Amino acid sequence: RLFALGGLDAGAGLGLLIITSRLAASINGGPGAPDFLESVRNFGINLTAVVVLTYFFLRDLKQSKEKLKEVEVEEDLGRLLVDLGAKRVVPLSRLRQQYRPVLLIGDESFLKKAIKSAGQFKKDLQSKGVLLIPVLEEQYSWKKGGQSLGESKGFNSSGGSSANGGGAE
């Protein structure tokens, strides 16, 4: 889509350059000069096309950059290490093959409440392969703007921030 918009925009820009020279010739007048009103109309059409196509091109370019940032954040999260207990530490991305990992991010009181309330659904969560992974927000640095996770050594088992392999804690 970017390629198509860029090509159309370039064509409209080239047309705008050509019609500008024709407009200048019609303003100067003389024998064989193009019609002034036709030149103004064509100039307006090409100018509008350049403005609209440039707007759509820049909008799509911005959206593709945002999507790339989102993918980078997901890749960063996938590389985080999860302590499953019994000296098993695996990257979060590996869990996606067997489980549906759900990251609970917040302070200690929020995590305790969330895990306690999920306890009543433990069997249902386990049967559906849901794995709750609590993360203490204070332990990790979040970059502003891109919302990506900073350098991490993984989730550790202190302070209720580890995940058990059996679903909800």
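Residues numbered from 1 in each chain as written. Predicted model: local features only at pLDDT ≥ 70, side-chain atom pairs only at ≥ 80, totals over all residues. Heavy atoms only, no water.

With that settled, the discussion passes to helix 1 (residues 2–28). For helix 1, built from 27 residues, the straight-helix expectation of 39 Å at 1.5 Å per residue is met to within 8% by its first-to-last C-alpha distance of 39 Å. All of the buried residues in helix 1 are L5, D9, A12, G15, L16, I19, L23 and S26. Elements in contact with the buried residues of helix 1: helix 2 (36–79). (Helix = DSSP H or I, 4+ residues; strand = E, 2+ residues; numbered from the N terminus. Expected span 1.5 Å × (residues − 1). Buried < 20%, exposed > 50% of the residue type's maximum accessible area, 1.4 Å probe, protein only. Contact = heavy atoms within 4.5 Å.)

Judged by how many residues are buried, strand 4 (residues 130–136) sits mostly within the fold: seven of seven residues are covered. Here strand 4 shows no split at all, with V130, L132, P134 and L136 on one side and L131, I133 and V135 on the other all buried. Relative to strand 4, strand 3 (residues 100–106) runs parallel, the two sharing seven bridges. What sits directly across from P101, in strand 4, is L131. (Pairing = 2+ DSSP bridges.)

With nine residues, the main nonpolar core is built from L104, L111, A114, I115, A118, L125, V130, L132 and L136. Counting residues per element, the ones that place at least two in this core are helix 4 (108–119) and strand 4. For this core, the element with the most residues is helix 4, which contributes four residues. (Core = buried A, V, L, I, M, F, W, Y, C linked by side-chain atoms within 4.5 Å.)

Overall, the prediction assigns the chain a mean pLDDT of 79, with 82% of residues at 70 or greater. Low pLDDT, under 50, characterises residues 143–169; the stretch is placed with 71 contacts to residues that sit more than four places away or in other chains. (pLDDT = per-residue confidence, 0-100.)

A few words on the side chain of S39. For S39, the position within the fold is in helix 2. Using a relative accessible area of 2% as the deciding quantity, one classes S39 as buried. Residue contacts for S39: discarding those within four places in its chain leaves I19, R22, L23, S26 and P34.

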